[in-house]
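Here are the chains, one letter per residue:
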Amino acid sequence: MNKVLLNYVKNNKKLFFRLLFFILIGIIVGVIYFNVVLEDVEREEISVFVLNTQTRLKENVDINYIRLLINSIKKNTFYIFLIGMLGLFVFGNLLVYLILIFKGLSIGFTISTFLYSFSFSTEFILLIILCIFQNIIIIPSILLISEKSEKLSKSIKEKRINLRDELCKHIIIMSILIILSLLVSLIEIYISMNFLIAF
């Protein structure tokens, strides 16, 4: 299975690198936005919110895990579902690039927020590890559905596919990735958060 995936990525490496490039652009934009565009007061307000949230988590005060899980599921499935649907449109690939930049922006903004709030403390390192752990599944899933959507969009534009068969394959892949994103949400809320509270 791993060999098949590696060969698939290798055969489509140019496209995957292009998609990853847009995420990296977003990360850079997110870092610049937090550190340059935002005023000191705005950064401080965000930092206070993050620190207060951490305190509430550790004290287990008014934490609605179900609501947090629902919000996490919405966030994680949003990218995969939207990118998957954009593959059905002729120029959907252009919007996919914008979504990848936005995803990267949120990652860059989050990292900058953690760094500003915790400096290079144990909490910061732990949060970055948890962030990487959660995105190990989400980022490849987003890249895969983006690659599939771009290919489908291009094929529809050039009218060189069996639309019914390709749509079935596309929906199956999108469904599998959405299920994986649900797993990530469960890990994020019930494992990562409790691990953070413990430390």
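Everything here concerns the structure above.
Basis of the calculations
- Residues numbered from 1 in each chain as written.
- Predicted model: local features only at pLDDT ≥ 70, side-chain atom pairs only at ≥ 80, totals over all residues.
- Heavy atoms only, no water.
- Salt bridge = Lys/Arg side-chain N within 4 Å of Asp/Glu carboxyl O.
- Helix = DSSP H or I, 4+ residues; strand = E, 2+ residues; numbered from the N terminus.
- Buried < 20%, exposed > 50% of the residue type's maximum accessible area, 1.4 Å probe, protein only.
- Patch = residues over 30% accessible without salt bridge, like charges linked within 9 Å, V, L, I, M, F, W, Y side chains within 5 Å.
- Areas by Shrake-Rupley, 256 points an atom, 1.4 Å probe, with all protein chains shown as cover.
- Polar contact = N/O pair within 3.5 Å; in protein donor to acceptor, adjacent residues only side chain to side chain.
- Contact = heavy atoms within 4.5 Å.

1. Regarding the pattern of salt bridges
Then, in step 1: If you walk through the whole model with that rule in mind, you get two salt bridges.
Then, in step 2: Across the pair Glu150 and Arg18 runs a salt bridge whose closest N-O atoms are separated by 2.5 Å. Highlighted residues: Glu150 in helix H6 (residues 122–158) and Arg18 in helix H2 (residues 13–37), separated in sequence by 132 residues.
Then, in step 3: Using a relative accessible area of 36% as the deciding quantity, one classes Arg18 as partly exposed.
Then, in step 4: Across the salt bridge formed by Arg43 and Asp40, the nearest N and O atoms sit 2.2 Å from each other. In this pair, Arg43 and Asp40 are both assigned in helix H3 (residues 40–59), three residues apart and thus about one turn of the helix distant.
Then, in step 5: Look at Arg43 and you get buried, because its relative accessible area is 10%.
Then, in step 6: Given the relative accessible area of 51%, Asp40 is considered exposed.

2. Things to note about a nonpolar patch on the surface
Then, in step 1: Residues Ile66, Ile70, Ile172, Ile176, Leu180, Leu183, Leu186, Tyr190 and Ile191 make up a contiguous nonpolar surface patch of about 790 Å² in total accessible area.
Then, in step 2: Taken together, the elements giving at least two residues each to the nonpolar patch come down to helix H4 (65–86) and helix H7 (163–198).
Then, in step 3: On the secondary structure map, Ile66 appears in helix H4.

3. Focus: the side chain of Glu150
Then, in step 1: Residue classification places Glu150 among the buried positions, given a relative accessible area of 10%.
Then, in step 2: Of note is the side chain of Glu150, whose polar atom sits 2.5 Å from the side chain of Arg18.
Then, in step 3: Not counting chain neighbours up to four residues away, the residues in contact with Glu150 comprise Leu15, Arg18, Leu19, Asn93 and Tyr97.

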